[in-house]
Amino acid sequence: MGRSFSRAELESFRDAEVPDLLGPDVRLLFVGINPGLWTAATGTHFAHPGNRFYPALLRAGVIEEPIDPAAGMSEAERDVLRRRGIAITNLVRRATAKASELSRAELVEGGERLHALVSEVRPRVVAVAGVTAYRSAFGDPKAQVGRQPEPMAGSELWVVPNPSGLNAHETVASLAEAYAEVGRAAGILPTAPG
């Protein structure tokens, strides 16, 4: 069921926060940069209709049924993610129209908050969606997409491509490859033979 918002309605969600999606047994923690205005309006992570997060998760096999979060996610859909051991948070909690509106200080503070959350939740894998934000948040200007050399609070740390429709370098297929890789590392998907 589609939903649309006027520009003024979306703007009214600027600086709003979206609660983390956490469950009792987190195996894979996806970390967005910060909520977009559509995400804040629906209270659902990666909800913008142009975002390729859920189609890429489906194609990767990380989820088994399509999820269309554009109008907001039902508790049943949230439970599907929780049962699979998938959790979602953001580096920066406040909603903006674009991630470029965030300051470096906000990203660094978000990195510290993430470290505390990972220490508490103890996922097998942390997957930060966006290499540029990762570089700023963790002071690692040469970081590349993929598994990072150092774990975070005992969890494998990965950087995966950002699924935003603004990231023109990626497709659903290329995102699915990256998300399948972290899904295997987290034990959600079987490891590839070979």
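What counts and what doesn't
- Counting restarts for each chain: residues are numbered from 1 in the order of the written sequence.
- Owing to the predicted nature of the model, reporting of local features is limited to residues with pLDDT of at least 70; listing and counting of side-chain atom pairs is limited to 80 or more, with chain, interface and lining totals taken over all residues.
- To get the side-chain values, all heavy atoms of the structure are used, and hydrogens and water are removed first.
- Axes here refer to lines fitted to C-alpha atoms; in helices the fit is confined to the stretch in contact. Angles between the N-to-C directions go from 0 to 180 degrees.
- Under the DSSP-based scheme used, a helix requires at least four consecutive residues in state H or I and a strand at least two consecutive residues in state E, with every element numbered from the N terminus.
- In this scheme the handedness of a crossing depends on how the near helix is turned from the far one: anticlockwise by less than a right angle means left-handed, clockwise means right-handed.
- Any pair of residues with heavy atoms lying within 4.5 Å of one another is described as a contacting pair.
- Any residue outside Ala, Val, Leu, Ile, Met, Phe, Trp, Tyr, Cys, Pro, Asp, Glu, Lys and Arg is labelled polar, Gly included; the first ten of those are nonpolar and the last four are charged.
- Throughout this description, buried means an accessible area under 20% of the type-specific maximum (1.4 Å probe, protein chains only), exposed means over 50%, and partly exposed covers the range between.
- At least two DSSP bridges between two strands are required for those strands to pair.
- Two N or O atoms count as a polar contact when they lie within 3.5 Å, although within protein this holds only if one can serve as hydrogen donor and the other as acceptor, and sequence-adjacent residues are included solely when both atoms are side-chain atoms.

**Q** Help me out: how do you make sense of the packing of helix 3 (residues 53–60) against helix 7 (residues 172–185) in this one?
**A** A packed helix pair is summarised by two numbers, namely the angle formed by the two axes and the spacing between the axes. It is at 8 Å that the axes of helix 3 and helix 7 come closest, and there the two elements cross at 65°. Helix 3 and helix 7 meet at a crossing whose hand is right-handed. Between helix 3, through Phe-53, Pro-55, Ala-56, Leu-57, Arg-59 and Ala-60, and helix 7, the contact on the second element is made entirely by Val-172, Ala-173, Leu-175, Ala-176, Tyr-179 and Ala-180. In terms of residue class, the contact of helix 3 with helix 7 is built from 11 nonpolar, no polar and one charged.

**Q** I'm lost on the pairing of strand 3 (residues 125–129) in this one. Help?
**A** Working note: regular strand, side chains alternate between the two faces of the sheet. Most of strand 3 sits inside the fold, with five of its five residues counted as buried. Note that strand 1 (residues 28–32) and strand 3 share four bridges and pair parallel. When the bridges of strand 3 are listed, Val-31 appears paired with Val-128.

**Q** Could you clarify how one ought to interpret the sheet that holds strand 4 (residues 146–147) in this entry?
**A** Within a sheet, adjacent strands bond to each other through the backbone by hydrogen bonds, running parallel or antiparallel. Taken in spatial order, the five strands make up an open sheet running 2-1-3-5-4, and their pairing is mixed. Across the chains shown, the open sheet's two edge strands, defined by having one partner strand only, are strand 2 (86–90) and strand 4.

**Q** What am I meant to see in the side chain of His-45 here?
**A** Tracing the backbone through its elements, the reader meets His-45 in the loop between helix 2 (37–42) and helix 3. Among the residues examined, His-45 registers a relative accessible area of 4% and is labelled buried. At 3.3 Å, the side chain of His-45 and the side chain of Asn-90 are in polar contact. Those residues within four positions of His-45 in sequence are excluded, and the remaining contacts are Val-18, Pro-19, Asp-20, Leu-21, Thr-39, Tyr-54, Ile-88, Thr-89 and Asn-90.

**Q** What exactly am I supposed to notice about unusual backbone geometry here?
**A** The general pattern is negative phi for most residues beyond glycine and trans for most peptide bonds. One non-glycine residue, Phe-46, adopts positive backbone phi at about 55°. Tracing the chain through its elements places Phe-46 in the loop between helix 2 and helix 3. One non-glycine residue, Arg-122, lies in the positive phi region at around 55°. Within the element layout of this structure, Arg-122 appears in the loop between helix 5 (104–121) and strand 3. Classification of Arg-122 as exposed rests on a relative accessible area of 52%.

**Q** Explain the side chain of Ser-155 to me, please; I cannot follow it from the model alone.
**A** Take Ser-155: it is sitting in the loop between strand 4 and strand 5 (156–160). Taking relative accessible area as the criterion, Ser-155 reaches 1% and is therefore assigned buried. Within polar-contact distance, the side chain of Ser-155 engages the backbone oxygen of Pro-123 at 2.5 Å. If near-sequence neighbours (up to four positions away) are discounted, Ser-155 is found in contact with Val-118, Arg-122, Pro-123, Arg-124 and Val-126.

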